[in-house]
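For reference, the chains in residue letters:
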Amino acid sequence: MNKTEKKMLKEKIKSSISGKLRRYFGKTIDNATPDQIYKACAFTVRDEIMEEWAKSRELLENSHKKELYYLSFEFLMGRALGNNIMNIMQTDIYKEALSEMGLELEKIEEIENDAGLGNGGLGRLAACFLDSLSTLELPAFGCGIRYEYGLFKQKIVDGYQIEMPDPWLEDGNVWEVERPEDSVEVHYNGRIEEYFEDNRMKFRHVDYNTVIGEPYDMPISGYNSKLVNTLRLWRARSPKIINMSEFNRGDYTMAIKDKELAEVVSQVLYPEDNHYEGKLLRLKQQYFFVSATIQWILAKQKRRGHNLWELPKYVQIHINDTHPTIAIPEMMRILMDEENFGWDEAWEIVQKTFAYTNHTIMAEALEKWPMSMVESLLPRVSMIIKEIDRRQREFLTSQFGNDIGKIEYMAVISNGQVNMANLCLTSCHSINGVAALHTEILKNETFRDYYMVYPEKFKNVTNGVTPRRWLLQANPELAGLITESIGDGWIKNAEKLEGLEKFADDGVFREKFAKIKQDNKLKLAEYIKEHNGILVDPNSLFDVQIKRLHEYKRQLMKVMHIIYRYKMITENPSQASMLPETFIFGAKAAPGYHTAKLIIKLINNVADVVNNDPRTKDILKVVFIENYSVSTAEKIVAAANLSQQISTASKEASGTGNMKLMLNGALTIGTLDGANVEIAERVGLDNIYIFGLTSQEVLNIYASGHSGSPEVYSQNMVIKGIVDTFIDGTFTPDNQNLFRELYHSLVFGNGFADPYLLLRDFESYLDASHLVAKDFQRPEIWNKKAIINVSKAGFFSSDRSIMDYNDTIWGLQKI
């Protein structure tokens, strides 16, 4: 684009924004509110994307190429304005145009709410995958739920997590388009009538309750791509607006009861499930979005003239973790009951159409549903699940004889529970893990028996993150330095980041690299000052642990390290390291996860003591970032020096935070778990800080039935001194019993002390942390390692992940 074209485009943007302010809001730049300015800017970007979206929809409709439908309970998209401007290659032009109007693009971006459609890595991965699919111009649809309130907005009050509603849609969503013409009915409860027709048994669902699935579509642009894909989100709506007879009798609550009961289905992500009603609502949510999606997919294929016998030729459905698994029997139901397929024909179609990604080996995360609940809520689907189970048991008997224990373990229904992972393993043509180690654990431990039966189904596709949002957008200064040094090819081919490796020994480049990191730390320090009221030293080591709060991710071990440093400085200053360090946490705990919430309270209590003790306040600072989200993550990853990836080996499937932080020049301290293993292989052990037990050693400890942690506690006086602070009043002067539960779990446990082996790994973790401190005080060494990490991050691009999926599982053709 030449200067004249840029000038014309800039004037067009300014005219569009001013015009939208006048026409939509009756305002000018001078008297418009920040929200109105944001919307005028967003609608201007949206107009351009909508034109390309319309072309893409027409192209897909007429091409008859295979399409991917990516079913996920979460899509953690982040803010869309800056991402879309970047993808249409107009970031600099928008900045200039807005500057001439007296506005700043960065401040306008801050007005947008983060879309409340996800929680952690699962949803962020799905968002990265959609970005890569569009950038690579592969036809795909994301399919999920349009949550009205998302997960929750986290407030920290007196150190405790408090869950508040997250009304992210209260000001509307500029980027979505309602598609009422594609609305469908989803049926619950009722009963099944059997009847004969055409010499075969048929089934009719009657006396059911109805919820309307109403779709909202969001365009998913790719970077400098002609294809705009679609994220389709389903909103639950009641077929009844209001019961006028009850309203006119004055019974206003009953008049709207049916409407509210129906629409609660799409209100909140992950309703608490530690009671029956919560479990039932989660199952309703899962069936709601998959039933609506499957109905839409099949209707669409028929409209396009495709024979459903050939469905796998045109459709690939991918199940992201077990939440959408009920889609499998739902497709069987529609094919048999509505399209007149026999069981064998429908089953063959389903098996060729569905693929499954497993994201965890944690037993509690492999979903199971009470069969009685499924029977009541989904009577016809439950019949189909029972038949799948019956046939699978026959097959397993042919493989394993009368090994009843093994067959029960592998069955779809066992002990009155529907095992959703086993349903996927039985039904899908492909099963993949998300890191090399994770996949090996699936094959050799978690799903070993299924791997013996179906070895051809199992594959590995290591996770990845999009370098566009997580480097080009999150860290534009570093992105600019990279482009200046090796060109801009890395933006769409991250493997080209390898070209940076030679600059690790270039002193001038290292200085530029270090200055960018320091500038980002200054920005984050300002953010922390504004939002937390804490002054942090930008020259300190920014030590970051940002991820969902779970015991296996071992935020508690990081707290133990902070306590170690605090005790050393206050009790033994002559031997203590005086390295200034800022410990930054970002995490949400599930509302019903008491232990995780207690760890958040501990973090904040430790922060209160450490940050205010005259002996430590100028050396150590502890910061808990409230309401951690994609937009806050973008600020943190650009500023981080050290990335804490310290999960118990064998527990983390992959991790993606490790990749985002590595991409931005943070060094990793971690166990040989998840994708850390592959990061270590690529950067070399000299450029990562590995510690702790290996996955096999962890599994051996579990098999032995004894952790050995009580012995560590009694024999290691340093560790004992740290753990004792949980109960000696150091951080709880008013209630020494507050953290006794955490103390008890490490020292005694319920039959197995310290199940995540914090005490077993802590000494090794301290050794690695001492090496971190030593290297950070030698900037030339630290920055060389950081640059090498960035240069090796290309493999962990979601573009590579998507190409791997496509080559081994999906078989899509580029548009």
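Preceding this section is the structure that the text describes.
Residues numbered from 1 in each chain as written. Predicted model: local features only at pLDDT ≥ 70, side-chain atom pairs only at ≥ 80, totals over all residues. Heavy atoms only, no water.

## As for the sheet that holds strand E15 (residues 417-419)
Taken in spatial order, the three strands make up an open sheet running E13-E15-E14, and their pairing is antiparallel. Edge positions in the open sheet fall to strand E13 (368-370) and strand E14 (413-414), since each of these has one partner strand only. Looking at chain direction, E14 and E15 are connected through two bridges and run antiparallel. Counted as the bridge partner of Ser 414 is Gln 417 from E15. (Pairing = 2+ DSSP bridges. Helix = DSSP H or I, 4+ residues; strand = E, 2+ residues; numbered from the N terminus.)

## Examining the environment of Cys 41
Within the fold, Cys 41 resides in helix H2 (residues 34-63). Given a relative accessible area of 0%, Cys 41 falls into the buried group. In this structure the C-alpha to C-alpha distance between Cys 41 and Phe 203, which are 162 residues apart in sequence, comes to 53 Å. Leave out the neighbours within four places in its chain, and Cys 41 touches Ile 17, Leu 81, Tyr 94, Leu 98 and Ile 108. (Buried < 20%, exposed > 50% of the residue type's maximum accessible area, 1.4 Å probe, protein only. Contact = heavy atoms within 4.5 Å.)

## Some words on the sheet that holds strand E20 (residues 620-625)
The parallel open sheet is built from six strands, whose spatial order is E20-E19-E18-E21-E22-E23. Each edge of the sheet is formed by a strand with only one pairing partner; in this case those strands are E20 and strand E23 (689-690). Sheet analysis places strand E22 (residues 667-670) next to E23, joined by two bridges and oriented parallel. Pairing of Gly 670 across the sheet is with Ile 690, part of E23. The strands touched by helix H22 (residues 507-532) within the sheet are strand E18 (541-546), strand E19 (581-586) and E20, with E20 carrying the most contacts at an inclination of about 70°. (Axes fitted to C-alpha atoms, helices over the stretch in contact; angles between N-to-C directions.)

## Some points on the packing of aromatic side chains
Per the stated rule, a full pass over the model turns up 29 aromatic pairs. Ring plane angle 90° and centroid distance 5.2 Å describe the contact between Tyr 24 and Phe 43, whose orientation is recorded as edge-to-face. Taken together, the positions of Tyr 24 in helix H1 (residues 3-25) and Phe 43 in helix H2 put the pair 19 residues apart, joining distant regions of the chain. Among the residues examined, Phe 43 registers a relative accessible area of 19% and is labelled buried. Both rings, one in Tyr 70 and one in Phe 129, keep their centres 6.0 Å apart while their planes meet at 75°; by these two values the pair is edge-to-face. Of this pair, Tyr 70 sits in strand E1 (residues 67-71) while Phe 129 sits in helix H6 (residues 121-135), placing them 59 residues apart in sequence. Residue Tyr 70 shares its accessibility class with Phe 129, and that shared class is buried. (Phe/Tyr/Trp six-rings, centres within 6.5 Å; stacked < 30°, edge-to-face > 60°.)

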